[in-house]
Amino acid sequence: MAEVKLLGTWPSPFSYRVIWALKLKGIPYEYFEEDLSNKSPLLLQCNPVHKKIPVLIHGGKSICESLVILEYLEDTWPQNPLMPDDPYERALARFWVKFVEEKGVAVWIMFYSSGEEKEKAVEDSLEMLRTLEEHALGKKKFFCGDKISLVDIACGWIAQWLEVLEEVAGVKLVEPQKFPRLHKWIENFKDEPIIKENLPGHDEMLVYFKPLAGKAPSR
Amino acid sequence: MADEVTLLDFWLSPFGMRVKIALAEKEVKYEYSEQNLMNRKSDLLLKMNPVYKKIPVLVHHGKPVCESLIILQYIDAVWKGKAPLLPSDPYERAQSMFWADFIDRKVHDISKKLWTTKGEELEAAKKDFFECLELLERELGEKPYFGGEALGYVDIALLPFSCGFYTYETIGDFSIEARFPKIRAWVDRCLKKESVAKSLAEPEKVHEFILETRKGLGFD
């Protein structure tokens, strides 16, 4: 089996998406921590278009964009499937992955901005979370049923990073009484053994994200 | 057994055109339902896409599939027998998904700026647009289609934006043929296919619509 390498950065939820999928499928890999202020020649060579992490390198060939990587892992290693079999259910799963990808950005905007822009971002974030609560999450343990799927993995940042961003930005978005399903999903997700063992530390994240609050990120 | 397929669409939408090309490639019979987005959104649209309230929506056996690229993947999985849109090899599939994602992230927004901005902003938009097309032309290389020997997912993702090329060239005062001859040749090659020709909006109608909209925005 050709070797698998992952280029990532420790506080990045996009990196963690790939780590979770690799671990859930039992795929051995080598991890390389990138310094984004000094990008490695390997990163620039493997992702010349976006120059971003995560990048998966399998047998020397590189795959970029976390959601594309997740689908690649699903196609290449079908064991422990992370997607439903049925085409319609798959389309629904992909819909929610795209939704959280597009609309979830509001939470990060809230974190990095101030004043009016921040207020608008808070509103947008709440709307996004309300949609997940009312339309995406049913009575199931996870988004697609009893087992973790790509939707849970794509939303994984809500389980750990959101709390840190809320704390540093001084805004509470997910109040348990207002978002009972989401709150329960967060608990279930973090309790899954493989996820539990592969989460960045809360305190380390606070230290990392605190100085970044209210300032637009550098590329 | 008849497949009940309905497409909720708006004639000008590049995202809707993607779905029309895919359905035509697969020779799927469907009912076309034009949604007039200038007026109040129809009850059907609001019911079928409550989250985004947008077209296109593919309704198959009463169940809605939303978001054009997701619809393409759905069509490819359900109507497997003919004209595969995505490669079967996982790595090639990933490359197709990467480029379609690139097109979604960059081409739509940048090309909108080509007719909604002026002066320095327009020059910046042109620069971004040229960079996009340069990358895409490099990816196309010497292949007849982005999909290789046959039209595929990436071709279908990009083609609808070619309806606006005449408008962008006219407003921005540049020539795509002169700067990106392979892309121009690729568009012309694809237009020879009936599935593409009957699915894309006519550039003249697009041009007319955009000019009217620009007047409303205070241009010219």
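Residues numbered from 1 in each chain as written. Chains lettered and ligands numbered in written order. Predicted model: local features only at pLDDT ≥ 70, side-chain atom pairs only at ≥ 80, totals over all residues. Heavy atoms only, no water.

Per an unreviewed UniProt entry, the recorded name for chain B is Glutathione S-transferase, and the organism is Salix purpurea. Under Function (unreviewed entry), UniProt gives the following word-for-word description of chain B: "Is involved in the conjugation of reduced glutathione to a wide number of exogenous and endogenous hydrophobic electrophiles." For the record of chain B, the UniProt heading Catalytic activity (unreviewed entry) holds the text "RX + glutathione = an S-substituted glutathione + a halide anion + H(+)". (UniProt positions renumbered as here; feature names shortened; annotations may be inferred.)

In the annotation of an unreviewed UniProt entry, the entry for chain A reads glutathione transferase, and the organism field reads Salix purpurea. If you open the UniProt record of chain A and go to Catalytic activity (unreviewed entry), you find "RX + glutathione = an S-substituted glutathione + a halide anion + H(+)". According to the UniProt record, the Sequence similarities (unreviewed entry) comment for chain A is "Belongs to the GST superfamily."

## Considerations on the overall build of chain A
Within chain A, the secondary structure is distributed over 10 helices and 4 strands. From first element to last, N terminus to C terminus, chain A shows the α and β order β-α-β-α-β-β-α-α-α-α-α-α-α-α. With the principal axes as the frame, chain A shows a C-alpha extent of 50 × 45 × 30 Å. Across the 219 residues that make up chain A, the buried fraction comes to 52%. For chain A, the exposed area adds up to about 10,500 Å²; of that, 52% sits on carbon and sulfur atoms. (Helix = DSSP H or I, 4+ residues; strand = E, 2+ residues; numbered from the N terminus. Buried < 20%, exposed > 50% of the residue type's maximum accessible area, 1.4 Å probe, protein only. Areas by Shrake-Rupley, 256 points an atom, 1.4 Å probe, with all protein chains shown as cover.)

## Brief notes about empty space enclosed by the protein
Here the structure, examined in full by the defined rule, presents 1 cavity of 30 Å³ or more. Within this model, the largest cavity holds a volume of roughly 30 Å³. Forming the walls of the largest cavity are A:V68, A:E71, A:Y72, A:D75, B:P90, B:R93, B:A94 and B:M97. For the lining of the largest cavity, the elements supplying multiple residues, two or more each, are α3 (66-76) of chain A together with α4 (90-116) of chain B. Taken together, the residues of the lining of the largest cavity sort by class into 5 nonpolar, no polar and 3 charged. (1 Å grid on protein atoms, 1.4 Å probe; cavity = no way out; pocket = protein on both sides within 12 Å on 5 of 7 lines; lining within 4 Å. Points joined across faces, edges and corners; volume = space filled by probe spheres on them. Nonpolar A, V, L, I, M, F, W, Y, C, P; charged D, E, K, R; others polar.)

## A word on the sheet that holds strand β1 (residues 4-8) of chain A
Residue and element names in this part refer to chain A. Strand order across the open sheet formed by 4 strands is β2-β1-β3-β4, with mixed pairing between neighbours. Looking at which strands have only one partner, the edges of the open sheet turn out to be β2 (30-33) and β4 (61-64). Averaged over all pairs of adjacent strands, the angle between strand axes in this sheet comes to 20°, irrespective of strand direction. Across 4 bridges, β1 lies against β2 in parallel orientation. Bridge pairing links L6 to Y31 in β2. (Pairing = 2+ DSSP bridges. Axes fitted to C-alpha atoms, helices over the stretch in contact; angles between N-to-C directions.)

## Some thoughts on the UniProt feature "domain: GST N-terminal" (unreviewed entry) in chain A
Taking the numbering used here, the UniProt-annotated feature "domain: GST N-terminal" (unreviewed entry) corresponds to residues 2-81 of chain A. End C-alpha to end C-alpha, residues 2-81 of chain A measures 20 Å, and it is 36% helix and 21% strand.

## Notes on α4(B)
Residues and elements named next belong to chain B. If you check α4, its first and last C-alpha atoms are 39 Å apart, about what 27 residues at 1.5 Å a residue would give, namely 39 Å. Along α4, the helix axis deviates most sharply at I103, where the bend reaches about 30°. By the N-cap criterion, in which a side-chain oxygen at the helix start approaches the backbone nitrogen of a residue two or three places on, α4 is capped by D89, the distance to Y91 being 3.2 Å. (Expected span 1.5 Å × (residues − 1). Bend = angle between axes of the 7 residues up to and from the residue. Polar contact = N/O pair within 3.5 Å; in protein donor to acceptor, adjacent residues only side chain to side chain.)

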